[in-house]
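# Examining the three-dimensional arrangement
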Amino acid sequence: MISFSLNGDPQTVDVPLGRRLSQVLREDLSLRGTKVGCDAGDCGACTVLLDGEAVCACLTPVAQVEDRRVETIEGLGASGPNPLQRAFLRHGAAQCGICSPGMIVAAEALLRRESGPDRSAVEAALAGVLCRCTGYTKIIDAVLDAAGGGAGPEPEAGAAVGARVERLDGAAKVMGHELFGADVVPEDALYVRAVRSPYPSARFEFGEIEDWAAEKSVQIFTAKHIPGVNCFGVIERFSDQPVLASEAVRMAGEAVALVAGPKDVVQALALSTFPVTWDEMTPSLDVQSATVSDAARIHSDRAGNKLIAGFVKQGDAEGALANAAHVVEGVLRTGHVEHAYIEPEAGAAWMEGDILNIRACTQAPVLDQQSTAGVLGLSEDKVRIRPAATGGGFGAKLDLTVQPLLGLVTLLTGQPSVMIYTRHESMEASTKRHPADMQAKIGADADGRLVGMEFEGDFDTGAYASWGPTVAVRVPVHASGPYVVPNYVAKARAIHTNGPVAGAFRGFGVPQAAALQEQLLDQLADQVGMDRLTFRRLNTLSDGVPTVCGQHLEGVGISACLGSLQPRWDAALIEAAAENVKSNGKARGVGVASCWYGCGNTALPNPSTMRIGITAEGQICLHQGAMDIGQGANTVIPQMAADALGVPVHQITLIDADTAVTPDCGKTSASRQTVVSGKAAVLAAQALRARVLQLGNMGDEADITLSGAVLTLMQGSALRDISLRDLPEDAFGYVLWAEETYDPPTKALDENGQGAPYAVYGYGAQLAEVEVDQALGTVKVLRITAAHDVGQVINPLLAEGQIEGGIAQGIGMALMEEFHPGKTENLHDYLIPTIGDVPEITSHLIEVPDPEGPMGAKGLGEHVLIPTAPAILNAIRHATGAVLTQLPARPDRVLAAIKATKP
């Protein structure tokens, strides 16, 4: 029996003395606000206060809290958000929210010690808590402003768009009430674990699994138990991945069997004793080995292990380069990058009558429904996906993970089931950013105008297709950057290996291509003898000028982005030159890079549907099925809908994603939700407004107010009241409603990649200032200045947060992140930026409205990652002359590149 004080109240538990405090809090006491991201003390999500000091609950045996004071996130805001939690909301410091409890608790410990800490003190206090979404800047701002007061005024009707509206779903995140995939456990649920391959390529045979199951008091499920099609994928015609492998595996970590049973039994199992015999085969672990003439086919129907190739051609690139006054060429290799969201994959399943319900972290509930139904041999209406809050995704939670595994167990047993990946399992089995081997050549005339470019890249898509086709097609469209390149040819291939599945990761291959293309632009500017920023401004796309796909765009904002960087660029160059006069072994450098990015699917249908209705009691409900994984869809889409309807945004009730009650809003990917689902919401709200005005016989300029069950319409001196209770309800329970679908207009690409692949593009540019220790090869990023054209800023607070978070991930890609299967499957050996790695970030929100975007808006989420790494690489070269040909720019690689510059 262990007795302690818990959030001010006496508490006694009867548990083993070595049980983790995190388990006691979450599982024995049902305080789910304390999150678990690693069980190793690496992420800090489980931080609690022990006698006022911040500790990791996952590393604290419950015996250590005897007669001591434990405080959790729930205790800090027992009667509503405390000043620190209010500051987190006010500054937009919680995005997905999975790390927010740990951050807030750690910050609370600091503020109790120091009433007015400075930035360095905040960084030191929060150094043990990782965040993958925010980039830490707004977290630091919130802690420094914890005593700054409450929320600002709520915007009036028609004024939500452009306002710094606090995240509408934020209170639950900062108070620890948000429920993620591991936070809802049905009563009497079976716990499920997967038996996974230790080898990247192997055949296997099961032994006496029935005897093993009986001995362990568990149930076992294998491929033979799958009632439907044992295959899934995110793009139907490329689907190739089994839910449970049969006879052979193509990658390490591939699941071959499930074990289900009581929690204590299953958690204690040593799955290494599972009766399976492995016959290891020689794997192809990189593109080079997978494409040699005698390489074994990873999929029998894909010759040369090629999944697909993308191609774009305009003009005569070869001829233009042959006649160019200046030509540069180069190569770049990038490796696997892990998404490293703080929430491992998790979920639960249960039956309601004959409906299979699955609750899990996801970015694509309708895709989950369709794919899981196919695997289980069910019609789609017999599968209901009820998404949990998603603790970060960045692309990897687009693919199925726990959903069909849980569904199989619950469907066949009739019992609820729960599956929670360990951190190792998450990193072993989840998708990664595509490794790339790229080469390019770019030429300019004597005046510095680009005349031609050639690009070729092989992208390692791993054992299964996932989003490999999207990467291969998207990269050639974007590899030119947002510049006028009249003669252009680009090829990209997705190649199968026995490596981890490479899927979607914030940019779909464009960040890799930009890292090469923007480095070459810097070198070309030097050859021309032109300032690097001026060179880019000379060559930018503009309205009406054809892209490399022959598309004529309007609302092109790249020139404005680069122009906004000019003052800082000029000052930074002067400051760097002054610092470099000093002889301290360190060199300052300044780099710049640009980006453009098409929002949504490439030249494919991309619809989203929104429904909005008013109840007889006067509640306005927006059925918003666009998954918010931290990017802010649950706030910005209601902001647009509110202004389109003409009511205050805080009068809108959000009906969150659920395949039974929200229409299909498509996947949260490709920076599409603000543009596509946002426009669908605007159209639905406009349609509802028209119906309301028609009912009241009012004109378009009438004001709408809602008070209780009465709608009041006013235009000039005319005033009309509509009693909602007098109107008949429809099948959805509304007396007034509208539903609209929007599908962006695109044009399929022809054999040369000519067409209109996207309806809306976003643009951006970033300036990086770095310091390189030329003896150690270490790179410190001192400052990032970012300018991004968002068309119309829907919510400046959240837009800034997206920029800062994307930049943090770009810093990781540039300098430290490198996933190696079997070696870096934890958050200790796999390095992501901490609060001390992210510098001062200044954001410029550029507004060049897009004629197709909702209210002129463009996407932002993925764009912000693209220029960061090349800007840093260009700054390293400016400081030292070193050209990096492999990412990340580890100290040893930087030193080797510096050495290569010496005669």
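Report on the accompanying structure. Quantities reported herein were computed from a predicted structural model and do not represent experimental measurements.

Turning our attention to the overall build of the chain. For the chain, the count of helices and strands is 23 helices and 33 strands. In terms of overall size, the chain behaves like a compact globule, its C-alpha atoms giving a radius of gyration of 27 Å where 903 residues would be expected to give roughly 29 Å. Across its three principal axes, the chain shows a C-alpha extent of roughly 85 × 75 × 60 Å. Of all 903 residues assigned to the chain, the portion counted as buried reaches 62%. Within the chain, residue pairs in contact and separated by at least 24 positions form 77% of the contacts whose partners lie at least 6 positions apart. Here the chain holds 69 positive side-chain charges and 106 negative ones, and the gap between their average locations is 3 Å.

Strand order in the open sheet formed by four strands is E26-E25-E24-E30, with mixed pairing between adjacent strands. For this open sheet the edge positions go to strand E26 (652-655) and strand E30 (736-742), each flanked by a neighbour on one side alone. Sheet twist, expressed as the mean angle between neighbouring strand axes with direction ignored, is 20°. Helix H19 (residues 633-645) contacts strand E24 (608-614), strand E25 (620-623) and E26 of the sheet and is inclined by roughly 135° relative to E26. The strands that helix H20 (residues 673-695) touches are E24 and E30; relative to E30, the one it contacts most, it runs at about 145°.

Applying the stated criterion to the full structure yields 10 aromatic pairs. Measuring from ring centre to ring centre gives 5.5 Å for Trp-467 and Phe-508, while their planes differ by 70°; the resulting arrangement is edge-to-face. Highlighted residues: Trp-467 in the loop between strand E21 (450-462) and helix H15 (468-478) and Phe-508 in the loop between strand E22 (488-496) and helix H16 (510-528), separated in sequence by 41 residues. Take Trp-467: its relative accessible area is 4%, and that puts it in the buried class. Here Phe-508 falls in the buried class, since its relative accessible area comes to 3%. Taken together through their ring pairs, the aromatic side chains of Tyr-199, Phe-204, Phe-206, Trp-212, Phe-274 and Trp-278 make up a single cluster. Of note, Arg-433 hangs over the ring of Phe-505, and the distance from its end group to the ring centre comes to 4.3 Å. One residue, Arg-611, lies across the ring of Phe-732, its end atom 3.8 Å from the ring centre.

Glancing now at the sheet that holds strand E12 (residues 306-314). Taken in spatial order, the five strands of this open sheet run E12-E22-E21-E20-E13, and their pairing is mixed. Unpaired on one side and paired on the other, E12 and strand E13 (326-334) mark the two borders of the sheet. Adjacent strand axes in the sheet meet at a mean angle of 5°, parallel and antiparallel pairs treated alike. One ladder, built from nine bridges, connects strand E20 (residues 436-444) with E21; its direction is antiparallel. Among the inter-strand pairings, Lys-441 is bridged to a residue of E21, identified as Glu-454. Packed onto the sheet, H15 meets E12, E21 and E22 and runs at close to 15° relative to E12.

Moving on, we get to unusual backbone geometry. The linkage connecting Leu-887 with the following residue, Pro-888, adopts the cis geometry, with an omega of 0°. In this structure, Ser-217 is a non-glycine residue whose phi angle is positive, near 60°. As for its placement among the helices and strands, Ser-217 is situated in the loop between helix H8 (209-216) and strand E8 (219-221). Even without being a glycine, Asn-305 presents a positive backbone phi close to 60°. Inspection of the secondary structure assignment puts Asn-305 in the loop between helix H10 (287-290) and E12.

All right, on to a negative patch on the surface then. Judged by side-chain charge, Glu-205, Glu-247, Asp-279 and Glu-280 come together as a negatively charged surface patch. Tracing the backbone shows Glu-247 in the loop between E8 and strand E9 (248-249). You can call Glu-247 exposed: its relative accessible area is 57%.

We now examine the nonpolar core. Judged by nonpolar contacts, the single largest core of 154 residues is most densely connected at Phe-88, Met-103, Leu-126, Phe-455, Leu-815, Ile-872 and Ile-876. Counting residues per element, this core draws most heavily on H16, which supplies 10 residues. Grouped together as the second largest cluster of nonpolar side chains are 49 residues, Cys-599, Ala-644, Leu-693 and Ile-704 included.

Topologically, His-478 is positioned in helix H15. Look at His-478 and you get buried, because its relative accessible area is 3%. Residues contacting His-478, with those up to four places away along its chain left out, are Val-510, Trp-596, Tyr-597, Gly-598 and Tyr-758.

Enumeration according to the criterion identifies 46 salt bridges in this entry. The salt bridge partner of Asp-658 is Arg-386, with a shortest N-O separation of 4.0 Å. Linking Asp-658 in the loop between E26 and H20 with Arg-386 in the loop between strand E17 (383-385) and helix H13 (403-413), this pair joins segments that are 272 residues apart in sequence. You can call Asp-658 buried: its relative accessible area is 10%. What you see here is one network of salt bridges that share partners, running through Arg-568, Glu-575, Glu-769, Arg-783 and Glu-840.

Attention now moves to the environment of Val-24. With respect to the helices and strands, the residue Val-24 is situated in helix H1 (residues 21-28). Judged by relative accessible area, which is 0%, Val-24 ranks as buried. Among residues more than four places away in sequence, those in contact with Val-24 are Val-13, Val-15, Arg-19, Leu-29 and Val-62.

Each α-helix turn comprises 3.6 residues. Residues three or four places apart therefore point the same way. Spanning 23 residues, helix H18 (residues 558-580) covers 31 Å between terminal C-alpha atoms, matching the ideal 33 Å at 1.5 Å per step. Along H18, the sharpest kink reaches roughly 40°, centred on Gln-566 and followed within four residues by the proline Pro-567. Regarding H18, the residues found buried are Ile-558, Cys-561, Leu-562, Leu-565, Gln-566, Arg-568, Trp-569, Ala-572 and Ala-576. Summarising the contacts, the buried residues of H18 are in contact with helix H17 (532-539), strand E23 (586-598), strand E31 (761-773), strand E32 (779-789) and strand E33 (840-846).

Our next topic: the environment of Arg-720. Its place among the elements puts Arg-720 in strand E29 (residues 718-723). By relative accessible area, Arg-720 is classed as partly exposed at 34%. The contact partners of Arg-720, leaving out residues within four places of it in the chain, are Gly-696, Asn-697, Met-698, Leu-711, Thr-712 and Leu-713.

Within a regular beta strand, the side chains point alternately toward one face of the sheet and then the other, so they alternate between its two faces. Of all seven residues making up strand E6 (residues 190-196), six are buried, and the element is well covered by its neighbours. Where E6 and strand E18 (residues 417-420) come together, two bridges link them in parallel fashion. Pairing of Tyr-191 across the sheet is with Val-418, part of E18. When E6 meets strand E10 (residues 255-261), the two strands line up antiparallel, connected through six bridges. By the bridge assignment for E10, Val-192 is matched with Ala-260.

The rules behind each value
- Residues numbered from 1 in each chain as written.
- Predicted model: local features only at pLDDT ≥ 70, side-chain atom pairs only at ≥ 80, totals over all residues.
- Heavy atoms only, no water.
- Helix = DSSP H or I, 4+ residues; strand = E, 2+ residues; numbered from the N terminus.
- Rg over C-alpha atoms; globule rule 2.2 N^0.38 Å.
- Buried < 20%, exposed > 50% of the residue type's maximum accessible area, 1.4 Å probe, protein only.
- Contact = heavy atoms within 4.5 Å.
- Lys, Arg positive; Asp, Glu negative; His and termini not counted.
- Charge placed at Lys NZ, Arg CZ, Asp CG, Glu CD.
- Pairing = 2+ DSSP bridges.
- Axes fitted to C-alpha atoms, helices over the stretch in contact; angles between N-to-C directions.
- Phe/Tyr/Trp six-rings, centres within 6.5 Å; stacked < 30°, edge-to-face > 60°.
- Lys NZ or Arg CZ within 6 Å of the ring centre and 35° of its normal.
- Patch = residues over 30% accessible without salt bridge, like charges linked within 9 Å, V, L, I, M, F, W, Y side chains within 5 Å.
- Areas by Shrake-Rupley, 256 points an atom, 1.4 Å probe, with all protein chains shown as cover.
- Salt bridge = Lys/Arg side-chain N within 4 Å of Asp/Glu carboxyl O.
- Core = buried A, V, L, I, M, F, W, Y, C linked by side-chain atoms within 4.5 Å.
- Expected span 1.5 Å × (residues − 1).
- Bend = angle between axes of the 7 residues up to and from the residue.

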